[in-house]
Each structure stands twice: as C-alpha cells, then as structure tokens.
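# Descriptive structure summary
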Amino acid sequence: MSSIVRLLATARELWPWYLGIIVSSVGVAVTALLTPFILKAATDEVVAQLQGGGGGVAALVVLAAALLAVELANTLLGNVGGFLGDTMTVRLRAILSSRYYAKLLGLPQRYFDTQLTGTIINRLQRSITETTQFLQMFSNSLFPTLITVAAVLVVAATYSWPLALLLAVIYPAFTWLTALTSRRWQKLEQVKNREFDVAGGRFAEAIGQIRVVKSFVREREELSAFDDNYAAAVGVTGIQSRWWHLMDVARRGALNVIFFGIYAIVFVQTAQGAWTLGVMVLLLQLVAMARQPVMMMSFLVDSSQRAVAGTRDYFVVMDEVPEPRAALDATASPDLSPERVLPARDAALTPVAPAAPTASSAGPTVRPLARPAWPRVADAPAVAFDHVTFGYDDGSEVLHDVTFTIRPGERVAFVGESGGGKTTLVNLLLGLYRPDAGQIRLFGTDVGGVGLGELRCQIGVVFQDASLFSGTIRENITYGRPEATDAEVEQAARRANAHEFVSRLGRGYDSEIGERGIKLSGGQKQRIAVARAMLKDAPILVLDEATSALDSKSERLVQAGLEELMADRTSLIIAHRLSTISSVDRIVTLAHGVVDEIGTPAELARTGGIYAELLALQASASKADRKRLAEFDITA
Ligand SMILES: Nc1ncnc2c1ncn2[C@@H]1O[C@H](COP(=O)(O)OP(=O)(O)OP(=O)(O)O)[C@@H](O)[C@H]1O
Ligand SMILES: [Mg+2]
C-alpha cells in the first residue's frame, strides 16, 4: 500500500482533484445517510396516521419531497465526484506515463541491452492501467462508501452498542481474512505477469522483424511459444483464482454469520418494543448500507493488490540509476495546461475530418535544442583514446589498452575484423558506455566530465544500421535539427545523393517511410541517415559503415558529398571498401581488441600489417584470398 501512497505523493500537484473528490465523497455520504432517516420519519408518520394521529397527506408529501431532494443531491454530487475521478485518473496517467518515458529515455544503454522493448511497454501498460483503474474505482465509488460506513457505525452505536460492535467487527475480520489470502495471491500474480512480459517482449520483437519470421517460416513456432506463455498464465490463474474464491467463501461465510447476529438483534429488539417500526426500518437500511461495501471489499482488495504490484513494478524502473546528467528530468510533469489540453478537446467535439497529409505523424511538439558549447582545450586533439579498456557486461574484454589521437580536421579510418570492436569505439565515444579503464577526451575534455547531451551534440553519427523512425523523410532528416529549412533539408539530401530518389517518391520529402524506414531500400535508408547526420552539422563526424549498402556508383556520389562535409571537421570512418579507406589521412588497425598499427595509408601499405595484407588480398583474385578478405568485412 505504501507504494500507492508514494505514487499519489509524487503526483501531489493533483491536489485540487484529490480535494474535490474528498469533498464530493463527503457530500455523497451525507446525502446517502439522510435517506434512512427520512424513511424512519416517514414510517413513524404512516404508523401515527394509521393510529389516527399525524400531520395528514401534506406531511407525507413533504417527506417524499425531502427524499427526492436528497436523492437528487446524491446523484449530482456522485457525478461531480465521478467527473473529477475520471479527469484525475487521466491526468495521473499522463503524469506517470510521461515520467516513465522520461526515465527510460535517460537510462544508460546497458539497461536496454538486457530488456525487450515489448516487455518495457507491457510493464508500463500494466502498472499504470492497474494503478489508475484502482484509483478511479477508489475515488468514484469506494471512497464515498467508506465514509458512509463510518457514519453508519456512529448512528448504529447511538441506538444499540451490541449492534454497532457487530458491524464494527466485520471490517477488521474481513481485512484480516483478506490479508491471509493476499500473500500467496500476489506471488502467483508475479509469476503470471512474468509470463505476460516474456510473451509481450517476444511479440513486439517478432512483429518488428516480421520479414525474418516469414522468411524462415517460423510463424508457427513464434505463435506456439507465445501461446505457451499464455497457457502458463492460464494455469497459474486457475490456481490463483481457486485459492482466492475458496478464501472468499470462508470470508463471506464469516460475514453471513455476523449478519445473522445483527438481524436477530434488530428483529427481537423491535418485537419486544425497544424500538419503533421506524427505527427498525432505519437500522435495516443502515445494515444494508454497511453490507454493500463489505461485499465490494473482495473486488477492491483484488484490484488494490494488482495496483500494489503495478506500482511496485513502476517504481522498480523509476528507481533505476539514470545516466549522469541525463537530458531529461524524470520527476518533472508533462505540460497539461489548458492551452495544451483544449485544442484536443475541441477536436474531439468536431466531426472527424480526413487527416491532413503532413499532420498524420507530426508527433509531439519539438522544442529545438541549442547546441551547448563543449569546453575546448587549446591545441588538444579532437578525439583522444587514452589507454581505454572496455568489456560489455558479460566480462570478456572487447577493447584492451586502446590509445590513439585524432587531430582536429583529420580523417581517420578504423580497420579490423568483424566483431573486433570498431562499433564499440563509437559507443564509447558517444558516452553510451563508460570505459572500464582509461580516458576518452574530446577536444581535451574528458567525455565523462561534462553532460552527455553536450557531448552528443558534438558528434554526428551514421550508425551501422540506418535506424530511421516512422514518419516522413523530412522528419527523419531533420531529427537532429528540427528547425532546419526546406532548402537545408534538400541540400543535405543532395549531398547524401538522396534527393533524386526522394523526388521520385509520390510525396517527395513528405513520403511516409514506415516503421524504422521499412518502405525504403537498405541503400536509401543509409542515404537518409547520412543526410540526417550531415544536417546535424556537428564538429565530429562518425561514419560506421555508412555507405556499406550502396553500389559503387552511389557510394562514389555519397562520398563526394561527404568529402565536402568532412573538409572542415574531424571524421572517424569505419568502412569496408578499400577505395574509401585509401583517401583518409591515417588508418588505425585493430586486432583482437588492441590497436595493431597506426599510420597513413602509404605507410601501412609497406609494414606488412593488416592493411597491407588487405591490399595484397585485394590485388589477388584467388578464392581463398577473397574469403580471407570477407573475414575483414572488406570488399574491393
Ligand atoms: N551491447 C553489447 N553487449 C554485449 N556485447 C556486445 C554488445 N555489442 C557488441 N558486443 C560484443 O563486442 C564485440 C565487438 O563488437 P563491435 O560491434 O564493436 O564489433 P565491430 O568491430 O563493429 O564489428 P562489425 O565489423 O561486424 O560491425 C563483439 O564480440 C560483440 O559480440
Ligand atoms: Mg560494427
């Protein structure tokens, strides 16, 4: 329960809603409590009139009118509370989801190496849905009834303390019996949720790479593994539900016995003349009012347990340690000001019009980031790796004691076998991982010393896999610089040799490219990714196999565009065409995670090292040599 309190506390800016809900709940409780009193008065009045006394028809009509007024007020207040509950819930949902997303966006790369996307999404869905559902129920119905129960006890006590005592025993007894049930239930719920998470994670992965699934004809196996998870969940639910309902029989049985005592007292006392008929009606009404929430209790306990489990999952993520100086503040709340909320509401009130062509994937409003300055030490190299040793989590070293420097404006190529650690160098440079030993400096400043946002603004990267987003080509090219003009977009696309194919698409730069750019060819994706990095216009350019998917002709064209771009900036190039590598200033060769040689292409051609071997292999046409060449990921 404490996690739910923590959750409410983290969203304390919703206090006007909390307060409004409490006030309307009290109103609902008071009006609900007035009804039995009016019925008591009416019963006594009817009895008096039957015995020849009383105030006549007028008195009865007044009492009926009082009932009407009280019930109307109850309906009204109940709905005001319901409205506040609904709007509070959706706001809470917005706040919690936004913070969860902000948190995830700020977590280090290592976190994502061990999580499946679908699992992360599944967990968010579950924890937030269940928590907000519980709170909605709590505020819309349970809260008022709890207040009613308290009042019922007080009123009952004024008539008969044994009665009040019996009523009072119900709640702790029920809660105690529920607590007995709860522990085992929660354990089973966790097992079940794990199954759902695994299924959801794999589901998202398989749908995301549906071509692979289809080409290997694995649909049946994927579905069957998915069904296995759900079958396990079904099995666990059977055990869980049987346990729950057995315990519920025990709980309700105990309740029924207590109610037996209550009714016996009411009937006998009235018959013996201790209470009037009116008082009996009042007490029966109060007992019924007290009974309803107890019956609801098992439902409430069920949903509160889910909510407790859900909030716990939520806080597991929220308590993860973010990247140092992460770009986002995961405790901030999303902007839900009227200006932001009202347009959406107005849109909901007007008939649906066909979506405007560009608005369909506009996404959230983008606030452009001014590029923050990076501290530059005079005469320092642009990039320096200083005795860097690094391994991913599994322990084996990927890079060992790697040292090299790159002067500002220099073009350096990295060559080494596949899996040799070239992309890992890029990951470290971007601060996605921290080296286990040694230091990486950018313009003389340790990359761990300044904010990661500042660091990453200095580096334009074309990743080994193009990694595009759904949306239009324009949105993708301007991803790093949303404020870029159309002319700038076109210029970047021309340099990346993308303009021509983009123009041939039906909607040009407004063409939608599908999830991860699935509607584009591999080479087209790469050229968009190159244009995206060019437009970012950062002082350091990293090309990780940026042109590997292009044919020689297209590559030469992209290369020409890149030449111009690389002229006044520092470039790190990982390429597998010797033609690309031969024009660089220096080459760094990596073998088994250590730097083997560093030198100009001309120098390395003579040393007999990896590069020289590659040149020789390229010159040779033998089958064995071509095979060896392929091992280096190098083609002529
Ligand atoms: N996120 C990761 N977690 C654990 N190990 C990883 C991770 N990424 C890469 N590795 C391992 O690190 C080693 C180096 O990988 P890296 O991607 O740097 O190679 P590369 O030189 O870029 O190869 P290629 O030419 O094939 O792209 C590989 O053995 C790989 O298995
Ligand atoms: Mg790589």
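Residues numbered from 1 in each chain as written. Chains lettered and ligands numbered in written order. Predicted model: local features only at pLDDT ≥ 70, side-chain atom pairs only at ≥ 80, totals over all residues.

### Describing helix 14 (residues 486–495)
For helix 14, every residue scored as buried is listed here: V489, E490, A492, A493 and R495. On its buried side, helix 14 packs onto helix 13 (473–477), helix 15 (499–504), helix 16 (522–536) and helix 17 (552–566). N497, located one to two residues past helix 14, shows a positive phi value of around 60°. (Buried ≥ 20, exposed ≤ 12 C-beta atoms within 10 Å, placed from the backbone. Helix = DSSP H or I, 4+ residues; strand = E, 2+ residues; numbered from the N terminus. Contact = placed C-beta atoms within 7 Å.)

### Brief notes about the environment of R93
Tracing the sequence through the fold places R93 in helix 3 (residues 56–105). Taking the C-alpha atoms as reference, R93 lies 38 Å from Q285; in sequence the two are 192 residues apart. Among all residues touching R93, those that are not within four sequence positions of it are I128 and T132.

### Some thoughts on the domain arrangement of the protein
Interfaces are often sized by the accessible area lost when the parts come together. When cut into domains, the protein gives domain 1 (2–318) and domain 2 (374–454 + 578–636). Taking the mean C-alpha position of each, domain 1 and domain 2 sit 60 Å from one another. (Domains from an automatic or database assignment.)

### Here's the deal with the sheet that holds strand 2 (residues 397–406)
Picture the strands of a sheet paired through backbone hydrogen bonds; they go either parallel or antiparallel. Taken in spatial order, the four strands line up as 2-1-4-5 in an open sheet, and their pairing is antiparallel. Edge positions in the open sheet fall to strand 2 and strand 5 (445–446), since each of these has one partner strand only. Here helix 11 (residues 422–429) sits on the sheet and contacts strand 1 (383–391), strand 2 and strand 4 (437–442); the angle it forms with strand 1, its principal contact strand, is near 110°. (Pairing = 2+ DSSP bridges. Axes fitted to C-alpha atoms, helices over the stretch in contact; angles between N-to-C directions.)

### Considerations on the confidence of the model for the protein
For the protein, the mean per-residue pLDDT works out to 84, and 91% of the residues sit at or above 70. Predicted confidence in the protein is weakest over helix 21 (residues 623–631), with a mean pLDDT of 63, and strongest over strand 1, with 95. (pLDDT = per-residue confidence, 0-100.)

### Observations concerning unusual backbone geometry
With phi around 50°, V217 is a residue other than glycine that occupies positive phi space. The phi torsion at D379 lies on the positive side, around 65°, for a residue other than glycine. Secondary-structure assignment places D379 in the loop between helix 10 (338–349) and strand 1.

### Things to note about the site of ligand 1
Taken together, the neighbourhood of ligand 1 is formed by 14 residues, with Y392, S418, K422, T423 and T424 sitting nearest. Counting residues per element, the shell around ligand 1 draws most heavily on helix 11, at three residues. Looking at the shell around ligand 1, its residues break down into two nonpolar, eight polar and four charged. (Near = placed C-beta within 6 Å. Nonpolar A, V, L, I, M, F, W, Y, C, P; charged D, E, K, R; others polar.)

### Thoughts on the nonpolar core
In terms of nonpolar packing, the biggest core is built from 70 residues, with A413, I528, V530, A531 and V542 touching the most fellow members. Per element, the largest residue contribution to this core is seven residues, and it comes from helix 16. Apart from the residues lying within four places of it in its own chain, the contact partners of I528 are A466, L468, I473, N476, I477, A498, G517 and L520. In terms of nonpolar packing, the next biggest core, distinct from the first, is built from 23 residues, A32, V152, I262 and L286 among them. (Core = buried A, V, L, I, M, F, W, Y, C linked by C-beta atoms within 7 Å.)

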